[in-house]
Amino acid sequence: MRIFLTGGRGMVGRNFTEHAAAVGHDILAPTSAELDLLDARAVNDWVQQQQPDVVVHAAGRVGGIQANMRDPVAFLTENLDMGRNVVLAARRAGVPRLLNLGSSCMYPRNAPNPLAEQTVLTGELEPTNEGYALAKIMIARLCDYIGRENPSLQYRTLIPCNLYGRHDKFDPKHSHLVPAVIHKIHEAKSAGRDEVDIWGSGKVRREFMYAGDLADCMWRALDHFDTLPLYLNVGLGSDLSILDYYHAVARIVGFEGKFVHDLTKPEGMAQKLVDTTRLQTWGWRATTSLESGIAQTYQFYLEGRQA
Ligand SMILES: NC(=O)c1ccc[n+]([C@@H]2O[C@H](COP(=O)([O-])OP(=O)(O)OC[C@H]3O[C@@H](n4cnc5c(N)ncnc54)[C@H](OP(=O)(O)O)[C@@H]3O)[C@@H](O)[C@H]2O)c1
Ligand SMILES: C[C@@H]1O[C@H](OP(=O)(O)OP(=O)(O)OC[C@H]2O[C@@H](n3cnc4c(=O)[nH]c(N)nc43)[C@H](O)[C@@H]2O)[C@@H](O)[C@H](O)[C@@H]1O
């Protein structure tokens, strides 16, 4: 396959290109410096020229709860503009297949957990990431509409739960929970501190999948494109409390100190667990345990610090 991968240098993109299934495929993955996805004309020209068999849209402005709260304008407009430019360029060039990456933030804050695909757009969104979620919903819907108008174009959306893994972002300004906790606990241990702060009560729940598993699912999606529903949740089907993640990282890093709660920090959704019924019927499940995923991510973090 000749694949146009956006976001090829990001966490999802790198896990996708590093997967064993990537061997033998022609993956075109320009960086943002080579192709700015905010530039509609450049994206159109590029797709027309390259004529890929499939587009995998894994670029975006992505970050944890605080980054989303700090910069809702950029999270909305950049994700909307990139998505629109990529999807419309694919349609204009007649690219028959497109795999779009959504996010579990697309679900209403009060939708019943586990979050089923048909509950998108049935209620108000979580305010801490509303801008990002709005953009994600619009691009997923754009993909639906295109398929309705032209059934020969199969544009599908995967809706992953929270992710972590190799090539994650560890800078506290942008990081999601798991890389943030790895960085905090490693720093505390290295400095001989016996206390680490947890944002919030530690009681809210999250479902974190290893990005290598998502990459495996994406490759299966490309190999079985005809069987993909319009929206497909990609998750583990189980979640843990924030405190559980702190304990899991502490075990791997070897930190024996205590945790204190910073209740001034935001908590976001109380729970965000995706319904995996459709995923199971489709025939895929994640295989990396939390311990193994955190150990591999911590190894990656340590290599980055030595470099
Ligand atoms: N991380 C998660 O927890 C999570 C969970 C659910 C869904 N997702 C979805 O998965 C996808 C990938 O996320 P990720 O975690 O891999 O993000 P990431 O690591 O932040 O990577 C984002 C990528 O987008 C590219 N990009 C940003 N602005 C661009 C622009 N103007 N032009 C071209 N490329 C641009 C960046 O390219 P350069 O590096 O070349 O600048 C980067 O490679 C996103 O759609 C995200 O919403 C992520
Ligand atoms: C998948 C992502 O979900 C994101 O929501 P969301 O799960 O709350 O994003 P995260 O930042 O991964 O997780 C936030 C949850 O972890 C708690 N938490 C505890 N300690 C920390 C810490 O040190 N750093 C961080 N970041 N959180 C921490 C935080 O209170 C909140 O309940 C969206 O904002 C994004 O748009 C994205 O879609």
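Residues numbered from 1 in each chain as written. Chains lettered and ligands numbered in written order. Predicted model: local features only at pLDDT ≥ 70, side-chain atom pairs only at ≥ 80, totals over all residues. Heavy atoms only, no water.

**Considering the site of ligand 2**
Around ligand 2, 23 residues are found, and the nearest of them are Cys-105, Arg-206, Tyr-246, Pro-266 and Glu-267. Within the side chain of Asn-162, an N or O atom sits 2.8 Å from an oxygen atom of ligand 2. Between Lys-184 and ligand 2, the recorded distance is 2.9 Å, taken from a side-chain N or O atom to an oxygen atom. Against a free-state accessible area of 710 Å², the protein chains account for coverage of 98% of ligand 2. Of all the secondary-structure elements, those providing two or more residues to the shell around ligand 2 are α3 (65–70), α6 (177–191) and α8 (242–253). Among the elements that take part in the shell around ligand 2, α6 stands out by supplying three residues, more than any other. Across the shell around ligand 2, the residue classes break down as 11 nonpolar, eight polar and four charged. (Near = heavy atom within 4 Å. Polar contact = N/O pair within 3.5 Å; in protein donor to acceptor, adjacent residues only side chain to side chain. Areas by Shrake-Rupley, 256 points an atom, 1.4 Å probe, with all protein chains shown as cover. Helix = DSSP H or I, 4+ residues; strand = E, 2+ residues; numbered from the N terminus. Nonpolar A, V, L, I, M, F, W, Y, C, P; charged D, E, K, R; others polar.)

**Here we look at helix α5 (residues 130–149)**
For α5, spanning 20 residues, the distance from its first C-alpha to its last is 28 Å, which sits close to the expected 28 Å at 1.5 Å a residue. Along α5, the residues classified as buried are Gly-131, Tyr-132, Ala-133, Ala-135, Lys-136, Ile-137, Ile-139, Ala-140, Leu-142, Cys-143, Asp-144 and Ile-146. Looking at the buried positions of α5, the neighbouring elements they touch are α3, α4 (72–93), β4 (97–101), β5 (154–160) and β10 (231–234). (Expected span 1.5 Å × (residues − 1). Buried < 20%, exposed > 50% of the residue type's maximum accessible area, 1.4 Å probe, protein only. Contact = heavy atoms within 4.5 Å.)

**Focus on the packing of aromatic side chains**
Two aromatic rings, taken as a pair, are described by how far apart their centres are and by the angle between their planes. In total, this model carries 11 aromatic pairs according to the counting rule given. Residues Phe-208 and Tyr-245 carry aromatic rings whose centres are separated by 5.3 Å and whose planes lie at 70° to one another, so their mutual orientation is edge-to-face. Within this pair, whereas Phe-208 is found in strand β9 (residues 208–210), its partner Tyr-245 is found in helix α8, the two being separated by 37 residues in sequence. Tyr-245 carries the same exposure label as Phe-208, and that label is buried. Relative to Phe-259, the ring of Phe-255 lies with its centre 6.0 Å away and its plane at 45°, an arrangement referred to as tilted. Since its relative accessible area comes to 8%, Phe-255 is described here as buried. Residue class for Phe-259 comes out buried when judged on its relative accessible area of 17%. Cluster of aromatic residues (ring-pair linked, three or more members): Tyr-164, Phe-208, Tyr-210 and Tyr-245. (Phe/Tyr/Trp six-rings, centres within 6.5 Å; stacked < 30°, edge-to-face > 60°.)

**Remarks on the side chain of His-183**
With respect to the secondary-structure elements, His-183 resides in helix α6. A distance of 2.8 Å separates a polar atom in the side chain of His-183 from a polar atom in the side chain of Tyr-301. Residue contacts for His-183: discarding those within four places in its chain leaves Phe-170, Pro-172, Tyr-301 and Arg-305.

**Remarks on helix α2 (residues 40–50)**
Those residues of α2 that sit buried are Val-43, Asn-44, Trp-46 and Val-47. Projection of α2 onto a plane perpendicular to its axis shows the buried side chains occupying an angular sector of 165°, all on one side. Facing away from the buried side of α2 by more than 90 degrees, the exposed set consists of Arg-41 and Gln-49. Just beyond α2, the residue with positive phi is Gln-51, at close to 45°. (Arc of directions from axis to C-beta.)

**Observations regarding the UniProt feature "site: Important for catalytic activity" (unreviewed entry) in the chain**
The UniProt record annotates "site: Important for catalytic activity" (unreviewed entry) at Ser-103 and Cys-105. Within the secondary structure, Ser-103 sits in the loop between β4 and α5. The contact partners of Ser-103, leaving out residues within four places of it in the chain, are Tyr-132, Lys-136, Ile-159 and Pro-160. Following the sequence through the fold, Cys-105 ends up in the loop between β4 and α5. (UniProt positions renumbered as here; feature names shortened; annotations may be inferred.)

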